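Descriptive analysis of the structure
The residues making up each chain are set out below.
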Amino acid sequence: MKIKLEHGAGGEIMEELLREVILKSLTLKSAGGIGLDALDDGATIPFGDKHLVFTIDGHTVKPLFFPGGDIGRLAVSGTVNDLAVMGAKPLALANSMIIGEGFDGEDLKRILRSMDETAREVPVPIVTGDTKVVEDNIGMFVITAGIGIAERPITDSGAEVGDVVLVSGTIGDHGIALMSHREGIAFETELESDVAPIWEVVEAVAKAIGWENIHAMKDPTRGGLSNALNEMASKANVGILIRESDVPVRPEVRAASDMLGISPFDVANEGKVVMIVPREHAEEALEAMRGTGRGKNAAIIGEVIEKYPGRVLVETGIGGKRFLEPPAGDPVPRVC
Amino acid sequence: MKAYRLHVQGIVQAVGFRPFVYRIAHEHGLRGYVKNLGDAGVEIVVEGPEGEIEAFIRDLHAKKPPLARIEKVERREIPPQGFDRFYIEKSSQGGKGGDSVIPPDIAICDDCLRELFNPTDKRYIYPFIVCTNCGPRFTIIEDLPYDRENTTMREFPMCDYCEGEYRDPLNRRYHAEPVCCPVCGPSYRLYTNDGREIIGDPLKKAAELIDKGYIVAVKGIGGIHLACDATNEEAVAELRRRTHRPQKPFAIMARDVETVEEFAFISPEELEELTSYRRPILTLRKREPFPLPENLAPGLHTVGVMLPYAGTHYILFHWSKSPVYVMTSANYPGMPMVKDNERAFEELRDVADYFLLHNRKILNRADDSVIRFVNGRRAVIRRSRGFVPLPIGIPFDYRGLAVGAELMNAFGVVKNGKVYPSQYIGNTSKVEVLEFMEGAIKHFQRLLRVKEFDLIVADLHPTYNTTKLAMELANEMNVELLQVQHHYAHIASVMAENGLDEVIGIAVDGVGYGTDGNTWGGEVIYLSYEDVERLAHIDYYPLPGGDLASYYPLRALMGILSKVYGVEELEGIIERCCPKAIESLRYGRVEFNVVLTQLAKEVNTSYASSTGRVLDAFSVLLNVAYRRHYEGEPAMKLESFAMRGKNDLKFEVPVDGELMHVEELFRDALEVLGRAPPADVAYSVHLALGRAFAEIAVEKAREFGVKNVGMSGGGAFNEPIVKTVRKIVEASGLKFYTTHEVPRGDNGINVGQAFLGGLYLEGYLSREDLML
Ligand SMILES: [Fe+3]
Ligand SMILES: [Mg+2]
Ligand SMILES: [Zn+2]
Ligand SMILES: [Zn+2]
């Protein structure tokens, strides 16, 4: 086998690589909690009556600076969000940078300042790190690991029939903004990435309805909302029905994706959470999200159904229902 | 004295076959019995003098009822048992894996029609009048044998009068399972759209409401129609608004043939089809000037017309001033036609003003079939009511399921050397349609007594819902799954219908997933029991935005032009030739610029060899249509436009090896544009494409030593292309084949899939042949 770009594209082919090669090659995969086999956003390690949550994320975004953010902000947010959607308050981050020879030092400083700012927003300290320089012309890759603590870890597989699905804001911003910027596609309004840490959104909901009432969470990064919902549906063996018109999408993102022929549901978000909660707590959860800076555009987008286990359906008004499939390849590569 | 047991297979149930046997047995003084064997046909035991038995068997073939089809008679001599009379034995359940099928739904017959309007008849203006020669069959049958308990008529116990006719072997209604009368049968009621019943004669009132310009949902045989006065332009416009169908041609129903002749031309062949018991919609050429509103079929030279086929329709016209109704399937675009009363009130509340509903359930949805005569011969666009469930023979004996493609879907069940194509299923990208399909598959399995399959065949497209359904079914039932390339299947359908063993196939089509992952649709293919090979195709051109280009054909035009012209030139051409096309994009100029960037940087761009998109692109270039509101719209409008062209401008599609350079056709067109009439350009484009495909096919036929050239795909409905190809092929001494029974578009692809499935199972072609 030769590794192809598709193997990292977040689709079926990547899933196969993870399951057939990575999971099968490793044997010690759990530290007593949620381990590698779960392919969740992070792992858990029981710690007294709480749980440590541990996660890592490599960032290879192109270009390094983009409207609304840069690789530094992305690297901090990505890992903080993986902790957050496991229900963990971020405790500390580790930062590994792999830098290509010839990289501009001013750019490096800019990226580090941005990391610092983003980490302060959470807040979370960056407590350890590693720096390598290689001769390959890679620009810069940033790998961040994070550790957090959860009273009650939230998986992405806990959806129950009758539950309600929420998103914390507009969908598709990061992927569409990046693609437009990168390809020099001029739209009337410049699109901006949503890259941001969302711990405050998760924490607000937990305070409002209690950790026990968040049945499942996921950050819809690579593969977008489509992929996140499909994973949540298949892991819980339930169906998910969403109403297309209820999914918040910025008009400019909608327009751009209409013009490109790329669905905003299929591209990455870097500052959003998809949350599944019992129906009786849905309104409260929504209120809580909307009360935070990052959750103003939160919405209830659908529900968990019994029919069609493992699949996601979209209701499109008079057009009836269609299946929402996880994107096959990567419509927008190198975004995170 | 001799005795024989005869086993008759074919369409021998639900067509008055047993009373017919009873009659001729009496005529020949024979004794014994006749018995329905469910799906296994009919069993006859006759005793009597040898000569009379021979005469009886001759009559069995010669005098059989009009709807009966005898496919096989097995005869075995048995010892005489001394019957004292001839009688009709009770049905048995069948389940022996026989070959007997129920007939399709049959238009009301002349005898019933006469009674319908005879004021002294018990069933005077009673819309559910039937006899053994007519009426619903497929749509009301739940299971075999075809007995009343197995139909939706079981909810209506017969009154004594009806039962008398039903039991009298010499009566026209003997064992006519849906027989009923106003006393015992179903009835219509008329409601407002909020469910209040309107008192009075429901059909008469409905006719009056239609005359007044209202839209009335009318439940009929296979589903619910939306009806309005087709002579009332405003009513038609309102129906367009409410159904979200700005452009799609509406089928109309005319009171009688004379009425049709006032607004459309009918050839003798078309007349025969129009008045056949199938009563399909025929797309007929409009008279000019067209005396009906233009918004019935905007921008097309044809209009879809059918004649009344149910008592209901005749009665409505009887009471109505208007001689022509719009009769379009009641559904939102892409959704299954509504057939149940409760659903009607839910789904059609905002569409229909009134509801004319009856209380007999429609078990199996069946849309109206659509036929078009292309180059003087029948082409089936949609094969449904009136056709289904009649089979198509294939030379392979296995039990299989062919799930079709995605749009215009129908599946086929294979059994005993035949494919039984399903009714029209529709656009299976919709979950609702897929659910309808799943139910219909189960129903076909029950009717045909096929519990298990040897093979399930699906399209090569990985994300079609039908492909996924096939995978699921194959998993659940532990059956082998075979995926076949879309256009191989199209060509195979030509082989199936015409019994060919090899062919050079021309697949002119919209889209089909190619073995290389590109979008195919302009292919010349060799297909035989030995091999399948793609010999030539339209050279790939980019489609910026992928599937978007189907809906906004300017994208296809830009993609094709980008092969010949640089960005700036391309921009200039569009601005000069079809500036309105830019405005037709959802985001106008901004989007136009995005498309240019997409082309320059290959952002979300797919590659296609589709003929459909080429025609679409010309439709834009010549300012005929900028949008696709319904499947095939720009190409269909281009064809209509080309019908006005007179001169062949001798355009040419250069062929280089296996590549057909259609982009040069655009260069040719651009050169004469401004000087030549656009209609001539459109006309010449069709001829040039036809010539190019035909010439390659002829050349390849010589090379391969093949005598047959076949044509299929959505483009095979295109009159000028088909005509051109056929002329060239036949002038070269080769045989030209297409299909007249199997739909040429994706509605017929299940038959080709079933044929390929047979080739695969019998070891002629491998899995790789069919998908690589
Ligand atoms: Fe096709
Ligand atoms: Mg992650
Ligand atoms: Zn009749
Ligand atoms: Zn009666």
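Residues numbered from 1 in each chain as written. Chains lettered and ligands numbered in written order. Predicted model: local features only at pLDDT ≥ 70, side-chain atom pairs only at ≥ 80, totals over all residues. Heavy atoms only, no water.

Per an unreviewed UniProt entry, chain B goes by Carbamoyltransferase and derives from Thermococcus siculi. UniProt lists a comment for chain B under the heading Sequence similarities (unreviewed entry), and it reads "Belongs to the carbamoyltransferase HypF family." Of chain B, the UniProt comment under Pathway (unreviewed entry) reads exactly: "Protein modification; [NiFe] hydrogenase maturation." (UniProt positions renumbered as here; feature names shortened; annotations may be inferred.)

As annotated in an unreviewed UniProt entry, chain A carries the name Hydrogenase expression/formation protein HypE and comes from Thermococcus siculi. Quoted verbatim from the Sequence similarities (unreviewed entry) field of UniProt, the annotation for chain A is "Belongs to the HypE family."

**Considering the packing of helix α2 (residues 71-84) of chain A against helix α3 (residues 105-121) of chain A**
Residue and element names in this part refer to chain A. Across the interface, α2 lies against α3 with an axial gap of 7 Å and an inter-helix angle of 35°. Considering how the two elements wind past one another, α2 and α3 form a crossing that is right-handed. Here I71, G72, R73, A75, V76 and S77 of α2 come into contact with α3, specifically with I111, S114, M115, T118, A119 and E121. Per-class residue counts for the contact of α2 with α3 are six nonpolar, four polar and two charged. (Axes fitted to C-alpha atoms, helices over the stretch in contact; angles between N-to-C directions. Helix = DSSP H or I, 4+ residues; strand = E, 2+ residues; numbered from the N terminus. Left-handed = near helix turned anticlockwise from the far one by under 90°. Contact = heavy atoms within 4.5 Å. Nonpolar A, V, L, I, M, F, W, Y, C, P; charged D, E, K, R; others polar.)

**Observations regarding the sheet that holds strand β11 (residues 274-277) of chain A**
Residues and elements named next belong to chain A. Taken together, seven strands build an open sheet; the order of strands is β9-β11-β8-β12-β10-β13-β14 and the sheet is mixed. Of all the strands in the sheet, just β9 (216-218) and β14 (321-323) have a single pairing partner and so form its edges. Across the sheet, the axes of successive neighbouring strands diverge by a mean angle of 25°, strand direction being ignored. Bridge count between β9 and β11: three bridges; the pairing is antiparallel. Among the inter-strand pairings, M217 is bridged to a residue of β11, identified as M275. (Pairing = 2+ DSSP bridges.)

**Details of the UniProt feature "domain: YrdC-like" (unreviewed entry) in chain B**
The positions that UniProt labels "domain: YrdC-like" (unreviewed entry) are, in the present scheme, residues 200-386 of chain B. For residues 200-386 of chain B, helix accounts for 27% and strand for 24%, while the C-alpha atoms at its two ends are 32 Å apart.

**Overview of the sheet that holds strand β17 (residues 392-393) of chain B**
Picture the strands of a sheet paired through backbone hydrogen bonds; they go either parallel or antiparallel. Residues and elements named next belong to chain B. The strand order across the open sheet formed by six strands is β17-β20-β19-β18-β21-β22, and the pairing between neighbours is mixed. Edge positions in the sheet fall to β17 and β22 (480-484), since each has one partner strand and no second. On top of the sheet, helix α12 (residues 465-477) reaches β18 (400-402), β21 (455-459) and β22; it is set at about 160° to β21, its chief contact.

**Here's the deal with the environment of L307(B)**
All names here are of chain B. Here L307 is to be found in the loop between β12 (302-306) and α9 (311-319). Remark: the alpha-carbon pair of L307 and L282, spanning 25 residues in sequence, is separated by 9.4 Å. When sequence neighbours within four positions are dropped, the list of residues in contact with L307 reads M253, A254, D256, V257, V260, L274, T275 and R279.

**Quick notes on the side chain of R148(B)**
Within the secondary structure, R148(B) sits in the loop between α3 (110-116) and α4 (160-167). Once residues lying within four places of it in the same chain are set aside, the contact partners of R148(B) are M153(B), R154(B), F156(B), M158(B), E177(B), P178(B), V179(B) and C180(B).

**Topic: the interface of chain B and chain A**
At the junction of the two partners, chain B supplies 27 residues and chain A supplies 26 residues. Summing the contributions of chain B and of chain A, the shared interface buries around 2100 Å²; its carbon and sulfur component is 57%. Scanning the region where chain B abuts chain A turns up five salt bridges. A salt bridge links R311(A) to E472(B), with the shortest nitrogen-to-oxygen separation between them at 3.7 Å. Across the chain B-chain A interface, the total number found is 12 residue pairs in polar contact (both at pLDDT 80 or more). (Buried area = accessible area lost by both parts, 1.4 Å probe. Salt bridge = Lys/Arg side-chain N within 4 Å of Asp/Glu carboxyl O. Polar contact = N/O pair within 3.5 Å; in protein donor to acceptor, adjacent residues only side chain to side chain.)

**Notes on the domain arrangement of chain A**
Residue and element names in this part refer to chain A. Domain annotation for chain A reports domain 1 (5-150) and domain 2 (163-323). For domain 1 and domain 2, the distance between their C-alpha centroids amounts to 21 Å. Contact with domain 1, which involves 32 residues of that partner, is made by 27 residues of domain 2. Among the residues of domain 1 in contact with domain 2, P67, N81 and V85 are the three that bury the most area, contributing 25% of the side total. On inspection of domain 1 and its partner domain 2, the count reaches two salt bridges. Note that R294 and E121 form a salt bridge whose closest N and O atoms lie 2.9 Å from each other. If you look at where domain 1 meets domain 2, you find 10 residue pairs in polar contact (both at pLDDT 80 or more). (Domains from an automatic or database assignment.)

**Re the domain arrangement of chain B**
All names here are of chain B. In terms of domains, chain B is made up of domain 1 (2-88), domain 2 (103-186), domain 3 (188-358), domain 4 (387-484 + 743-770) and domain 5 (541-737). Here the C-alpha centroids of domain 1 and domain 2 sit 24 Å apart. Residue-level contacts link 14 residues of domain 1 with 14 residues of domain 2. Summed over both partners, the interface of domain 1 with domain 2 buries about 1200 Å², with 69% contributed by carbon and sulfur atoms. The interface formed by domain 1 and domain 2 contains zero salt bridges. Summed over the shared surface of domain 1 and domain 2, the number is two residue pairs in polar contact (both at pLDDT 80 or more). Here the element with the most residues in the side of domain 1 that touches domain 2 is helix α1 (residues 17-27); it accounts for four residues.

**Observations concerning the pattern of salt bridges**
Oppositely charged side chains can form a pair if their charged atoms are brought close together. All names here are of chain A. Summed over the entire model, instances satisfying the criterion amount to 76 salt bridges over all chains. Between R311 and E325 there is a salt bridge, and its shortest N-O distance comes to 2.8 Å. Of this pair, R311 sits in the loop between β12 (299-305) and β13 (312-315) while E325 sits in the segment after β14, and the two are 14 residues apart along the sequence. For R311, a relative accessible area of 15% corresponds to the buried category. For E325, a relative accessible area of 22% translates into the label partly exposed. (Buried < 20%, exposed > 50% of the residue type's maximum accessible area, 1.4 Å probe, protein only.)

**Structural notes on the packing of aromatic side chains**
All names here are of chain B. The full count for this structure, using the stated rule, is 23 aromatic pairs over all chains. Here Y214 and Y354 contribute two aromatic rings whose centre-to-centre distance is 5.3 Å and whose plane-to-plane angle is 85°, an arrangement assigned as edge-to-face. Of this pair, Y214 sits in the loop between α5 (202-211) and β8 (216-219) while Y354 sits in strand β14 (residues 354-358), and the two are 140 residues apart along the sequence. The exposure class assigned to Y354 is buried, which follows from its relative accessible area of 17%. Taking 3.9 Å as the distance between ring centres and 15° as the angle between the ring planes, the aromatic pair formed by F618 and F666 counts as stacked. Residue F618 is found in helix α19 (residues 611-621), and its partner F666 is found in helix α21 (residues 663-672); the two are separated by 48 residues along the sequence. In this structure F666 comes out as buried when scored by relative accessible area, which is 0%. Lying over the aromatic face of F436, R365 brings its terminal NZ or CZ to 4.4 Å of the ring centre. A cation over a ring is seen here: R382 above Y424, with NZ or CZ 4.8 Å from the ring centre. (Phe/Tyr/Trp six-rings, centres within 6.5 Å; stacked < 30°, edge-to-face > 60°. Lys NZ or Arg CZ within 6 Å of the ring centre and 35° of its normal.)

**Some points on the UniProt feature "domain: PurM-like N-terminal" (unreviewed entry) in chain A**
Here, the residues flagged by UniProt with the feature "domain: PurM-like N-terminal" (unreviewed entry) are residues 40-149 of chain A. Across residues 40-149 of chain A one finds 28% helix and 45% strand; the C-alpha atoms that close the span lie 16 Å apart.

**A look at the coordination of the zinc ion (ligand 4)**
Residues and elements named next belong to chain B. Within the protein, C159 (SG), C162 (SG), C181 (SG) and C184 (SG) serve as the donor atoms for the zinc ion (ligand 4), at 2.2 to 2.3 Å. Mapping the donors of the zinc ion (ligand 4) onto the primary sequence gives the spacing C-x2-C-x18-C-x2-C. In this pair, C159 sits in the loop between α3 and α4 while C184 sits in the loop between α4 and β6 (188-192), placing the two residues 25 residues apart along the sequence. Like C159, the residue C184 is buried in the burial classification. (Donors = N, O, S within 2.8 Å, 3.2 Å for Na, K, Ca; no water.)

**A word on the UniProt feature "domain: Acylphosphatase-like" (unreviewed entry) in chain B**
According to UniProt, the feature "domain: Acylphosphatase-like" (unreviewed entry) maps to residues 3-90 of chain B in the numbering used here. Secondary structure over residues 3-90 of chain B splits into 27% helix and 40% strand, and the C-alpha atoms at its two ends are 20 Å apart.

**Regarding a positive patch on the surface**
Residues and elements named next belong to chain B. A grouping of K204, K205, K212 and K321 is seen on the molecular surface, where their side chains present a positively charged patch. Inspection of the secondary structure assignment puts K204 in helix α5. Given a relative accessible area of 34%, K204 falls into the partly exposed group. (Patch = residues over 30% accessible without salt bridge, like charges linked within 9 Å, V, L, I, M, F, W, Y side chains within 5 Å. Areas by Shrake-Rupley, 256 points an atom, 1.4 Å probe, with all protein chains shown as cover. Lys, Arg positive; Asp, Glu negative; His and termini not counted. Charge placed at Lys NZ, Arg CZ, Asp CG, Glu CD.)

**Quick word on the pairing of strand β15 (residues 370-374) of chain B**
Residues and elements named next belong to chain B. Counting buried positions along β15 yields five of five residues, so the element is predominantly enclosed. Taking every second residue as pointing to the same face, both faces of β15 are buried, with V370, R372 and V374 on one and I371 and F373 on the other. Inspection of the sheet shows strand β11 (residues 281-285) paired to β15 by three bridges, in the parallel sense. Directly across from L282, in β15, lies its bridge partner I371. With five bridges joining them, β15 and strand β16 (residues 377-382) adopt antiparallel strand pairing. Opposite V374, over in β16, you have R377 as the bridge partner. Two successive antiparallel strands, β15 and β16, enclose a turn made up of two residues, where N375 displays a positive phi of approximately 50°.

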